[in-house]
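A look at the structure
This is what each chain is made of:
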Amino acid sequence: MCLFNQCSQYLSRRLGLDSAAFSYQQTIFGVLQLLGGPVFGRFADQRGARAAFTLSFLASSALYLLLAAACSPALPGVPLLFASRLPGALMHTLPAAQMAITDLSAPEERPAALGRLGLCFGVGVIFGSLLGGTLSSTCGIQCPVIVALVVSLLGAVLSLTCIPTSTKGASAHAQAALPGKPKASVFDLKAITCLLLQPGVLPVFLVKVICGFPSGLFMVMFSLISMDFFQLEAAQAGYLMSFFGVLQMVFQGLVIGRLSSRFSEGALLRASVLAFSVVGLAMALMANVFHLCLLMPGLVFSLCALNVVTDSMLTNAVSASDTGTMLGLCASVQPLTRTLGPTLGGLLYHRFGVPVFGHVQLAVNFLVLLVLWRQPVPPKMDKAW
């Protein structure tokens, strides 16, 4: 995904598009992933892990094929560049992997397992970004796109040959297909939204959305903030994001799993919201990039703990036949931020400056923390809370 964003931004400039056009592309991509996440999750529940992984890799292959075609001077680059966003609705490899891990792990081991999965994806993001930058500078923008296309096709082949047809147990299949009951459609939006109305699900989902949104706004605006506020060059901003990636790997792969074995998921959720509040206060007071580096471990811990714990709690709250759909809904949270973030974040930044992101994060998370301390234990999630 980072490689796709890098190549798209570079190609947009080469085709003569301004920053507004690139923002439109990002918004289109965010909306498609926002709408496609729950549908893809329901497809994974009904068709199994093998079909889900294969579909995601084939969608990635189509995306990189269109992007490679846009790099060719003989073809209409701008229409192909915008068209390359369309397969993004089905690019959900991480939710597919999360569903498989969820199905194959015991509830008490789920946070640690999801954290280790995040570690694997973090390694891919860091090395993918480095490889993409190196290939772009030495062989041209089309080279990393072609490499990504080949890797995506290889992933589709490996999915067909190495991934089991389904990772769900027999009870989940029996529950998904009751005798005499017609099979629900993948696009049954009523069945998707009904998951949020199950006991204990909606409060946790709202905490996931509300608490992560202020920091998501800051991350969406980070490229502009790094240039205007911190006065960083592109290479320096890249090093800072690599530092962010390393911290994410450490927290998700090493820290969250150990904490989940000692503390309840409810305690970790409150700890992440508290850390968000403290980081928000520090963000409102920061004046230079050194201050950002000091508060970044707290920010990364908050993000990792919030995402891992809420994903675990939400999948525990629904039946085994609906874990993919639930994770698809969770996967739509980040695209929601990418869709609303550029407009709302840009308005706040230009009107109030960088401290406003800290103020918003502090206020929102402090209010959520007060609610969590007074929240009664949901009946289906008593062990988690």
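Please read all numbers here as calculations on a predicted model, not as lab measurements. (Residues numbered from 1 in each chain as written. Predicted model: local features only at pLDDT ≥ 70, side-chain atom pairs only at ≥ 80, totals over all residues. Heavy atoms only, no water.)

A few points about the overall build of the chain
On a plain count of helices and strands, the chain comes out with 17 helices and 0 strands. Looking at the chain as a whole, 50% of its 385 residues qualify as buried. Considering only intrachain contacts with a sequence separation of at least 6, the fraction spanning at least 24 residues in the chain is 84%. Surface exposure of the chain reaches about 17900 Å², of which carbon and sulfur atoms provide 70%. (Helix = DSSP H or I, 4+ residues; strand = E, 2+ residues; numbered from the N terminus. Buried < 20%, exposed > 50% of the residue type's maximum accessible area, 1.4 Å probe, protein only. Contact = heavy atoms within 4.5 Å. Areas by Shrake-Rupley, 256 points an atom, 1.4 Å probe, with all protein chains shown as cover.)

Points about a nonpolar patch on the surface
Taken together, the side chains of L197, L202, L206 and I210 present a nonpolar region at the surface, about 360 Å² in accessible area. Along the chain, the position of L202 falls in helix α10 (residues 201–220). The exposure class of L202 is partly exposed, given its relative accessible area of 34%. (Patch = residues over 30% accessible without salt bridge, like charges linked within 9 Å, V, L, I, M, F, W, Y side chains within 5 Å. Salt bridge = Lys/Arg side-chain N within 4 Å of Asp/Glu carboxyl O.)

Section: the nonpolar core
Ranked by internal contacts, the top residues of the largest apolar core, which has 59 residues, are F205, F218, I225, M286, L292, M326 and F357. Top contributing element to this core by residue count: helix α14 (residues 289–317), with 15 residues. Excluding anything up to four places from it in sequence, F218 contacts I225, M283, M286, L292 and F357. Among the nonpolar cores identified, the runner-up in size contains 17 residues, and L11, A59, A69 and C71 belong to it. (Core = buried A, V, L, I, M, F, W, Y, C linked by side-chain atoms within 4.5 Å.)

Looking at the packing of α10 against helix α17 (residues 355–374)
Where α10 meets α17, the axes come as close as 9 Å, and the angle between the chain directions of the two elements is 165°. For the element pair α10 / α17, the angle class is roughly antiparallel. Crossing hand, α10 versus α17: left-handed. Of the residues in α17, those in contact with V207, I210, C211, P214, S215, L217 and F218 of α10 are F357, V360, Q361, V364, N365, V368 and L372. Across the contact of α10 with α17, the residue classes break down as 11 nonpolar, 3 polar and no charged. (Axes fitted to C-alpha atoms, helices over the stretch in contact; angles between N-to-C directions. Parallel < 35°, antiparallel > 145°, perpendicular 65-115°, else oblique. Left-handed = near helix turned anticlockwise from the far one by under 90°. Nonpolar A, V, L, I, M, F, W, Y, C, P; charged D, E, K, R; others polar.)

What about the packing of aromatic side chains?
Counting across every chain of the model gives 4 aromatic pairs. Geometrically, the ring pair formed by F218 and F357 is edge-to-face, given 6.1 Å between the ring centres and 70° between the ring planes. With F218 in helix α10 and F357 in helix α17, this residue pair connects regions lying 139 residues apart in the sequence. Accessibility assignment for this pair places F218 and F357 in one class, buried. Among the aromatic side chains, those forming a connected cluster through ring pairs are F218, F222 and F357. Its end group placed over the ring of W373, R270 keeps NZ or CZ at 5.3 Å from the ring centre. (Phe/Tyr/Trp six-rings, centres within 6.5 Å; stacked < 30°, edge-to-face > 60°. Lys NZ or Arg CZ within 6 Å of the ring centre and 35° of its normal.)

Focus on α10
When the terminal C-alpha atoms of α10 are compared, their 27 Å separation across 20 residues agrees well with the 28 Å that a helix rising 1.5 Å per residue should span. If you look at α10, its biggest bend is around 40°, right at F213, and the proline P214 turns up within four residues after that. Where burial is concerned, most of α10 is hidden: 14 out of the 20 residues are buried. (Expected span 1.5 Å × (residues − 1). Bend = angle between axes of the 7 residues up to and from the residue.)

Here we look at the side chain of E265
Examined against the element boundaries, E265 turns out to sit in helix α13 (residues 265–285). At 7.2 Å, R110 is the nearest oppositely charged side chain to E265, a buried residue that forms no salt bridge. In terms of polar contacts, E265 uses its side chain to reach the side chain of S312, at 2.5 Å. (Lys, Arg positive; Asp, Glu negative; His and termini not counted. Polar contact = N/O pair within 3.5 Å; in protein donor to acceptor, adjacent residues only side chain to side chain.)

Some points on the confidence of the model for the chain
Per-residue confidence for the chain gives a mean pLDDT of 81; residues scoring 70 or more make up 85%. Per-element confidence in the chain is highest for α13, whose mean pLDDT is 93, and lowest for helix α8 (residues 170–176), whose mean pLDDT is 48. Taken together, the stretch residues 176–181 has pLDDT below 50 and engages in 1 contact with residues farther than four places along the chain or on a different chain. Across residues 379–385, where pLDDT falls below 50, the model places 23 contacts with residues more than four positions away in sequence or in other chains. (pLDDT = per-residue confidence, 0-100.)

Overview of the side chain of D322
Mapping D322 onto the fold places it in the loop between α14 and α15 (323–331). No salt bridge is formed by the buried D322; the nearest opposite charge belongs to R42, separated by 4.9 Å. When neighbours within four sequence positions are excluded, D322 is seen to be in contact with D45 and L195.

Description of α15
With 8 of 9 residues buried, α15 is to be regarded as a mostly interior element. Listed as buried for α15 are T323, G324, T325, M326, L327, G328, L329 and C330.

Focus on the environment of T323
Mapped onto the secondary structure, T323 falls in helix α15. Here the alpha-carbon distance between T323 and A100, two residues 223 residues apart in the chain, equals 9.2 Å. Here T323 is in contact with D45, M99, T102, D103, K168, T315 and V318, once residues within four sequence places are set aside.

Quick word on the packing of helix α5 (residues 93–104) against α15
Interhelical geometry of α5 versus α15 gives an angle of 140° and a closest axis separation of 9 Å. Judged by the angle between their axes, α5 and α15 are oblique. The handedness of the crossing between α5 and α15 is right-handed. Here P95, Q98, M99, T102 and D103 of α5 come into contact with α15, specifically with T323, G324, L327 and A331. Looking at the contact of α5 with α15, its residues break down into 4 nonpolar, 4 polar and 1 charged.

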